[in-house]
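# Fold and contact review
Okay, here's what each chain looks like letter by letter:
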Amino acid sequence: MAIDTTSGPDAIASVLSGVIAASNVDETEVIFSRSEAALTRYTRNEIHENVIEGDASLSIRAVVGKRVGVASTSRLDDRAIADTLARAASIARLSPEDPMFPGLPEGGPEPRTLAGAYDAATASASPDDRAAAVGRIAATMQHHQLHAAGFVASRCDAIAIANSKGTRRYFESTDASVNIKAIGDDSSGYAEGFARSLEQLDFDALAAIAAKKVLDGRDPEPLGPGAYTVILEPPAFREFLGYLSWAGFGAQSLDDGSSFLAGRIGDHVMGKNVTIRDDFAHPLSPGIPIDFEGMARTSVPIIEAGVAKGVVYDSYYAHKLGHANTGHALPAPNSIGPLPLNIIVEPGSYSTAELVRSVEHGVLVSRTWYIRLVDQKKMLITGMTRDGVFLIEHGVITRGLKNMRFNESIIEALGRCELASELVRSENMVLPAVRIDGFHFTSATTF
């Protein structure tokens, strides 16, 4: 049953089938995952860290009646896998029964094929490849007498899933990212990029964006607390959507009543111009076509023209709540239930530049951080701006501002918003910039 971590899908599937054949419980699920993540980190325009982390592991879910046990190992020899199988079975026998557990899933549609999910050049990218990208960023910074910190990263992931009901899945993908924080004497700027391949990232253009923010933001002035029209660029807007996804778009929070959508499916909960879905297959998305039970992911409408349409499900909550399984299981065991991992926000009709021109007196926010959830049912959050805050006067960005703290209900904000027409990927989401009227800044800072 040993696994050679360099094996292809057929050899891995054969080992997983062997594990299932050796199991003596009612049902067995085996997940093999393999990743190689490389990161080149830099500061003050020079590389200071270059790391490659390789990982391979096996997770086994054993089912005895309504009892479930999970054990995992990163040792993949015969004895370690046999021990892990025995531990999972032992944990299952000692666990309390869950009367709602429906058994391991089976059947369902075949997963879609994703073209372009794997790029061989990115999978084999060398430290020199990433260093060359850092060099281009550093050249832009030196031209403007700035310095930058951040990272260039590339990775390759593979996952194989098998269960005793006949499921056999395998998927392999690559991803690349760049993070640029440009720093001046009294201002900073930010840019980021994400793609399936390193080649798709425009390091020169992103470095120029980060540098321009520093130059435009020099000598920042304070702005008093109050309600302003804001433009949130995608990295800032993504933080807001992340909280909505985690706290409101999964079946578990809908079931326990903590989601803001609980009891409101079919209601208008946001502006009519807001449509949000989870869609692993969007061309810009880094999604995978299967969930961690091996079920096919589906595109799920969550908010449609402001109306709450539904949430995402795994096999457990699909059975418990009498809903179709949407293919959004996370690895077992987990305490948060199914979650959407590839949020898409439909674009609006106006470009970001047009949205800026529409602001008489407001603020452009490049990025946010230190966000905390204050009230989950209202989706009220508090957080800080960073790395590029600008005053907009009469439709023109006029100067840099010092950072500010905000308190805002994401739901209410999306009831008075206008979405930009350009979609970009930020982390694992695809979304536009957004204009929000009456955005609440509660205090200013001295930096």
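Residues numbered from 1 in each chain as written. Predicted model: local features only at pLDDT ≥ 70, side-chain atom pairs only at ≥ 80, totals over all residues. Heavy atoms only, no water.

So, about the overall build of the protein. Counting secondary structure elements, the protein contains ten helices and 19 strands. Scaling as 2.2 N^0.38, a compact globule of 447 residues should have a C-alpha radius of gyration of about 22 Å, and the protein matches this with 24 Å. Taken over 447 residues, the protein has a buried fraction of 54%. Across the protein, contacts joining residues at least 24 apart in sequence account for 71% of those joining residues at least 6 apart. Here the protein displays about 18,800 Å² of accessible surface, and carbon together with sulfur accounts for 50% of that area. The protein carries 41 positive and 55 negative side-chain charges, and their two centres are separated by 4 Å. (Helix = DSSP H or I, 4+ residues; strand = E, 2+ residues; numbered from the N terminus. Rg over C-alpha atoms; globule rule 2.2 N^0.38 Å. Buried < 20%, exposed > 50% of the residue type's maximum accessible area, 1.4 Å probe, protein only. Contact = heavy atoms within 4.5 Å. Areas by Shrake-Rupley, 256 points an atom, 1.4 Å probe, with all protein chains shown as cover. Lys, Arg positive; Asp, Glu negative; His and termini not counted. Charge placed at Lys NZ, Arg CZ, Asp CG, Glu CD.)

Bringing the pattern of salt bridges into the picture now. Counted according to the given criterion, the structure contains 25 salt bridges. In this structure, the salt-bridge partner of R238 is E192, at a minimum N-O distance of 3.1 Å. Placement of the pair is R238 in helix α6 (residues 234–248) and E192 in strand β6 (residues 188–195), with a sequence separation of 46 residues. What makes R238 buried here is its relative accessible area of 12%. With relative accessibility at 12%, the residue E192 sits in the buried group. Taking the shortest distance from any N to any O, the salt bridge between R386 and D387 comes out at 3.1 Å. Given the relative accessible area of 16%, R386 is considered buried. (Salt bridge = Lys/Arg side-chain N within 4 Å of Asp/Glu carboxyl O.)

This paragraph deals with the packing of aromatic side chains. Tallied over the full model, the rule gives nine aromatic pairs. Considering the side-chain rings of W369 and Y370, the 4.9 Å spacing of their centres and the 65° angle between planes classify their relative orientation as edge-to-face. Accessibility expressed as a relative area gives 32% for W369, which makes it partly exposed. Its guanidinium or amino end placed over the ring of Y190, R367 lies 3.8 Å from that ring's centre, counting from NZ or CZ. Cation over ring: R386 sits above W369, and NZ or CZ is 4.2 Å from the ring centre. (Phe/Tyr/Trp six-rings, centres within 6.5 Å; stacked < 30°, edge-to-face > 60°. Lys NZ or Arg CZ within 6 Å of the ring centre and 35° of its normal.)

Further remarks concern the side chain of T73. Within the secondary structure layout, T73 lies in strand β3 (residues 67–73). A distance of 2.9 Å separates the side chain of T73 from the backbone nitrogen of R75, its partner in a polar contact. Not counting the four nearest positions on each side in its chain, T73 is found in contact with A56, S57, L58, A80 and T84. (Polar contact = N/O pair within 3.5 Å; in protein donor to acceptor, adjacent residues only side chain to side chain.)

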